[in-house]
Every structure is written in C-alpha cells, then in structure tokens.
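If you want the building blocks of each chain, they are given just below.
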Amino acid sequence: MKKYSCLDLQYEEKTAVVILNHPPVNAISARLIDDLEQAFLELEQNSELRAVVLASALQKIFVAGADVGQFVNAGAADNYAIATRGHQVLKRIETFTHPVICAINGIAYGGGLEMALACDLRVMDKRAKVGFPESGLGIIPGYGGTQRLTHLVGAGAARRLLYTGRTVGAEEAGRIGLAEVVSEAGGCLAEAKKLAAQICEKAPLAVSADKKCVRFALEHPLSEGLDYEAKLGSELFETKDKTEGMTAFLEKREPVFLNR
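Residues numbered from 1 in each chain as written. Predicted model: local features only at pLDDT ≥ 70, side-chain atom pairs only at ≥ 80, totals over all residues. Heavy atoms only, no water.

Participant: Break down the overall build of the protein for me, with residues and values.
Facilitator: From N to C terminus, the protein includes 10 helices and 10 strands. Relative to its length of 260 residues, the protein is compact, with a C-alpha radius of gyration of 19 Å against a globular reference of 18 Å. Taken over the C-alpha atoms alone, the protein extends approximately 65 × 40 × 35 Å along its principal axes. Classification of the 260 residues of the protein by burial places 44% in the buried group. Partitioning the intrachain contacts of the protein with sequence separation of at least 6 by distance along the chain shows that 70% fall at a separation of at least 24. (Helix = DSSP H or I, 4+ residues; strand = E, 2+ residues; numbered from the N terminus. Rg over C-alpha atoms; globule rule 2.2 N^0.38 Å. Buried < 20%, exposed > 50% of the residue type's maximum accessible area, 1.4 Å probe, protein only. Contact = heavy atoms within 4.5 Å.)

Participant: Describe the side chain of Lys211, naming the residues involved and giving the relevant values.
Facilitator: You can see Lys211 is positioned in helix 8 (residues 204-219). From its side chain, Lys211 meets the backbone oxygen of Glu94 in a polar contact 3.4 Å long. One polar contact links the side chain of Lys211 to the main-chain carbonyl oxygen of His98, over a distance of 3.1 Å. Contacts of Lys211, omitting those with residues within four sequence positions, involve Ile93, Glu94, Thr95, Phe96, Thr97, His98, Pro99, Val100 and Asp120. (Polar contact = N/O pair within 3.5 Å; in protein donor to acceptor, adjacent residues only side chain to side chain.)

Participant: Can you break down a nonpolar patch on the surface residue by residue, with the values?
Facilitator: Side chains of Val68, Val72, Leu137 and Ile139 sit close together on the surface and give an oily, nonpolar patch of about 370 Å² of accessible area. Relative to the assigned elements, Val68 resides in the loop between strand 4 (61-63) and helix 2 (76-94). Looking at Val68, the relative accessible area reads 47%, which means it is partly exposed. (Patch = residues over 30% accessible without salt bridge, like charges linked within 9 Å, V, L, I, M, F, W, Y side chains within 5 Å. Areas by Shrake-Rupley, 256 points an atom, 1.4 Å probe, with all protein chains shown as cover. Salt bridge = Lys/Arg side-chain N within 4 Å of Asp/Glu carboxyl O.)

Participant: Can you lay out the packing of helix 4 (residues 145-153) against helix 5 (residues 155-164) for me, pointing to particular residues and giving the numbers?
Facilitator: Interhelical geometry of helix 4 versus helix 5 gives an angle of 135 degrees and a closest axis separation of 7 Å. Viewed along their axes, helix 4 and helix 5 adopt a mutual orientation that is oblique. In terms of crossing hand, the pair formed by helix 4 and helix 5 is right-handed. On helix 5, the residues that touch Thr146, Leu149, Thr150 and Val153 of helix 4 are Ala155, Ala157, Ala158, Leu161 and Leu162. Split by residue class, the contact of helix 4 with helix 5 holds 7 nonpolar, 2 polar and no charged. (Axes fitted to C-alpha atoms, helices over the stretch in contact; angles between N-to-C directions. Parallel < 35°, antiparallel > 145°, perpendicular 65-115°, else oblique. Left-handed = near helix turned anticlockwise from the far one by under 90°. Nonpolar A, V, L, I, M, F, W, Y, C, P; charged D, E, K, R; others polar.)

Participant: Tell me about the sheet that holds strand 2 (residues 15-20), and name the residues and values.
Facilitator: Hydrogen bonds along the backbone pair up the strands of a sheet, which may run parallel or antiparallel. Judged by pairing direction, the sheet is mixed, and its 6 strands sit side by side in the order 1-2-3-5-7-10 without closing on themselves. The open sheet has two edge strands with one neighbour each: strand 1 (7-12) and strand 10 (181-183). For this sheet, the mean inter-axis angle between neighbouring strands, taken without regard to orientation, is 20 degrees. Pairing of strand 3 (residues 51-56) with strand 5 (residues 100-104), which is carried by 3 bridges, proceeds in the parallel orientation. By the bridge assignment, Val53 is partnered in strand 5 with Ile101. (Pairing = 2+ DSSP bridges.)

Participant: Report on the pattern of salt bridges, specifying residues and quantitative values.
Facilitator: Applying the stated criterion across every chain yields a total of 17 salt bridges. A salt bridge links Asp34 to Arg85, with the shortest nitrogen-to-oxygen separation between them at 2.8 Å. Of this pair, Asp34 sits in helix 1 (residues 30-44) while Arg85 sits in helix 2, and the two are 51 residues apart along the sequence. With a relative accessible area of 35%, Asp34 lands in the partly exposed category. On the accessibility criterion, Arg85 (24% relative accessible area) is partly exposed. Residue Arg122 pairs with Glu180 through a salt bridge whose shortest N-O separation is 3.3 Å. Residue Arg122 is located in strand 7 (residues 121-125), and its partner Glu180 is located in the loop between helix 6 (170-176) and strand 10; the two are separated by 58 residues in the primary sequence. Residue classification places Arg122 among the buried residues on the basis of a relative accessible area of 2%. Several salt bridges converge on common partners, so that one network encompasses Lys91, Glu94, Arg148, Arg215 and Glu219.

Written out as structure tokens, the structure is:
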C-alpha cells in the first residue's frame, strides 16, 4: 500500500476509508489533491472494494478550504490551471465505480464543501457547518461547487448560499438536500461506515449501474435516460449476481454476490 503525506488509507472488509490528515485544518493544497488522486487510483485496483468513506482525522474540521495566501498574487492563468486540476481529481471521485460517502465531522468550507459535493452521499455531524465564503473574497468556487450545488439543492438554494457566502448547520443542510444523513455529535464516521456496510450487502454491479444511471439523469434529457436505464438494466440480466439474487430471494436466504 502506498504511503501518503496528506491522508491515510484504511481497509475495513469491503469498505475503504480515506482519512484526510493535513493539519492544522486540512487546507486544500496541490499535495493534498495529488494524494487524493493517487488514493482513488489505488482503490480502483481493489476488486474486493464495494464502497468508500471519505473522512477527516482532525477534530471538528473536515476541510477548512484552500490556503487563501496562495491566491493573493495569482492571475487568471494560475487560477485556471488550479481549477482544472481540481476538476480532474474531483471528477475521479464523482465517477468512481462504487459509492463514495463523505463524513462531514466539522467545518467544510469552500473547496472542502466542493469535495463533499463530489461524493455520492453526505453524512453530517449535527454540530458541523458548511458553506461557500468565496463571494466575500472576490472569487467564486473553483472546483465545480457552483455546478454540483445547483444540481443537488436547486437553483434558489444554491443562489442564496453562493451570493451571501453564509454558512449553514446540519439541520438546514439536511432540509435543503445538502446532507442525506445528520448524525449525533461525534457519530458522523460511524454513521457513514454503517451506510457503507448496507451498500456492501447489495449486488455491486447493480449498485454501480444505479450510480451511472443517476449521473446520466443529471446530464441528459429523460428520453435519453430511459433508454440508458433499459440498456444497463438489460446487461445485468446476463450476470451471475442477478441469478444469485433472484434465486436467493425465492429460496428465502441471504444472497452471496460475487461481482460478476
């Protein structure tokens, strides 16, 4: 297993836990982005994997955002290079074969929230806060935040968060669809792992197909999405896991899925 400077990678049965560990605040840097990319490249090679949890090793901080100091003297070309690099890595998380669950244990501002938005699901500690403060710095989110936020919570809620730069707590985040699960204080990671374990019980090829279909729905008209769903669904009828799942159902036993 590769050693990383800004994160730790752990395996717990069929779940991988990517733990950001870049004190003091997990500030987004080129090194952290590189580590994230390399970690997900490593995870892609693990055929036993069924889900990923993205978490933080720091108390009450998921990711506080980027190091603002690096942008003070940056120009348009500098920002474009940084933004496109961020897009590349977060897209790798977003399109990862298996579901990625973000455990937001504390503050997630700017790029930290953008990282969370690239995940499939977000579990948020009830004490955590998230937001995009960029409008108060004279900039906008650079890693896809304006786009993913709008897809997730709708244009109205996205406009309010982006224009005002306000932060929201877990209760409001859950209400507007920014968090799928709100945990008790200190229980964020455990809840994320619990959710991952539930996913791991299901047929991995089916879950991966579900993930592809949801992404397709966000990017294409309904008529195209229906055809895409029919094609992917039909492909699953040729898998051994489909036979196992239906046979187990009829025999009233738990299925044993083999990812083929």
